[in-house]
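# Structural overview for review
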Amino acid sequence: QVRLVESGGGLVQAGGSLRLSCGASGSGFSFSLSTMSWYRQAPGKQRELVARITSDGITNYADSVKGRFTISRDNAQSTVYLQMNSLKPGDTAVYYCNSLWDTYYWGQGTQVTVSS
């Protein structure tokens, strides 16, 4: 079982920045070997992948956030981050941390609201 706890969401004006954090823990879980991702879900929309980072540090991003968001990981702290810059109202959503280990695990989500 893997436990994921997100933090760092909030209300920000368009053009602003936020940094999300996700701490991971679990018995038998090796953070450094897991692929970590951030997803988001806006009201009335499906959950979508925002960014992913593999155990080797390979990253990929949704086209809508390329050049604005950066995913990173600190294996010593078992934490994955999402730095979000130049935020737009369209980025408003609940952001979820995801870990791929023996199966997929999800955090509880953190709300990000971007005002125009």
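Everything discussed here concerns the structure shown above.
Model, not experiment: these values are computed from the prediction.

What counts as what
Residues numbered from 1 in each chain as written. Predicted model: local features only at pLDDT ≥ 70, side-chain atom pairs only at ≥ 80, totals over all residues. Heavy atoms only, no water. Salt bridge = Lys/Arg side-chain N within 4 Å of Asp/Glu carboxyl O. Helix = DSSP H or I, 4+ residues; strand = E, 2+ residues; numbered from the N terminus. Buried < 20%, exposed > 50% of the residue type's maximum accessible area, 1.4 Å probe, protein only.

### Quick word on the pattern of salt bridges
Inspection of the entire model under this criterion finds four salt bridges. Here Asp91 and Arg40 are joined by a salt bridge, their closest N and O atoms 3.0 Å apart. Separated by 51 residues along the polypeptide, Asp91 in the loop between β8 (79-84) and β9 (93-100) and Arg40 in strand β4 (residues 35-41) bring together distant segments of the chain. Side by side, Asp91 and Arg40 carry an identical accessibility label, which is buried. The salt bridge involving Arg68 is made with Asp91; its shortest N-O contact spans 2.8 Å. With a gap of 23 residues between them, Arg68 in the loop between β6 (59-61) and β7 (69-74) and Asp91 in the loop between β8 and β9 connect regions that are remote in the sequence.

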